[in-house]
Amino acid sequence: MEGATIVQQILKALDLHSGKIQQQMKEMEDRLRAEIQDTENRLYAKIRETEDRLHQKLLDLEKRTDARFERLETKMNYWRLEWSETQETVDFLARKTLQHERKLRSRAGQNEIS
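Here is what the cut-offs are and how they apply
Residues numbered from 1 in each chain as written. Predicted model: local features only at pLDDT ≥ 70, side-chain atom pairs only at ≥ 80, totals over all residues. Heavy atoms only, no water. Helix = DSSP H or I, 4+ residues; strand = E, 2+ residues; numbered from the N terminus. Rg over C-alpha atoms; globule rule 2.2 N^0.38 Å. Buried < 20%, exposed > 50% of the residue type's maximum accessible area, 1.4 Å probe, protein only. Areas by Shrake-Rupley, 256 points an atom, 1.4 Å probe, with all protein chains shown as cover. Lys, Arg positive; Asp, Glu negative; His and termini not counted. Charge placed at Lys NZ, Arg CZ, Asp CG, Glu CD. Patch = residues over 30% accessible without salt bridge, like charges linked within 9 Å, V, L, I, M, F, W, Y side chains within 5 Å. Salt bridge = Lys/Arg side-chain N within 4 Å of Asp/Glu carboxyl O.

Draft legend 1. Structural detail: the overall build of the protein chain. For the protein chain, the helix and strand inventory stands at one helix and zero strands. The C-alpha atoms of the protein chain give a radius of gyration of 48 Å, which is well past the 13 Å a tight globule of 114 residues would have. If one aligns the C-alpha atoms of the protein chain with their principal axes, the spans along those axes are about 165 × 20 × 5 Å. When burial is assessed residue by residue, the protein chain has 0% of its 114 residues classed as buried. Accessible area of the protein chain: about 11300 Å², with a carbon and sulfur share of 58%. In the protein chain, 22 positive and 22 negative side-chain charges are present, and the distance between their average locations comes to 8 Å.

This is the structure:
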């Protein structure tokens, strides 16, 4: 019977030991889950931060692009105005040149008659 008592005590000791091991494994699992959750939260925060930075950079780029297009549009409007004024000047000079040529032909014709 002594052997049975020893076996019973060994089984009891193993049962207590396995309970402690199970408790330690549960604690380790809980810590691991907490660390995973913490890492996941930090990762998501970094991703959101990066998204926000990229979004801001895109907004800044859009603003700069809009400003440049506005300046370009202003320059093009100025060039159109210049072109229009130049065209008017050319038209005026062409009319005056034709008027002078007509006068010269008319006087040349009068000189031939006289």
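Draft legend 2. Up close: a positive patch on the surface. On the surface, Arg64, Arg68, Arg71 and Lys75 cluster together into a patch of positive charge. One can find Arg71 in helix H1 (residues 2-113). On the accessibility criterion, Arg71 (49% relative accessible area) is partly exposed.

Draft legend 3. Quick look at a nonpolar patch on the surface. A cluster of nonpolar side chains, Ile6, Val7, Ile10, Leu11 and Leu14, forms an exposed patch at the surface whose accessible area comes to about 460 Å². By secondary structure assignment, the location of Ile6 is in helix H1. Judged by its relative accessible area of 45%, Ile6 falls in the partly exposed class.

Draft legend 4. Representation of a negative patch on the surface. A cluster of acidic residues, Glu62, Asp66, Glu70 and Glu73, forms a negative patch at the surface. Within the element layout of this structure, Glu73 appears in helix H1.

Draft legend 5. Representation of the pattern of salt bridges in the model. This structure, assessed with the given rule, holds five salt bridges. Across the salt bridge formed by Asp30 and Lys26, the nearest N and O atoms sit 3.0 Å from each other. On the criterion of helical spacing, the pair formed by Asp30 and Lys26 is a turn pair, its members being four residues apart in helix H1. You can call Asp30 partly exposed: its relative accessible area is 36%. On the accessibility criterion, Lys26 (45% relative accessible area) is partly exposed. With its nearest N and O atoms 3.2 Å apart, the salt bridge here joins Arg53 to Glu49. In this pair, Arg53 and Glu49 both sit in helix H1, four residues apart, roughly one turn of the helix. What makes Glu49 partly exposed here is its relative accessible area of 41%.

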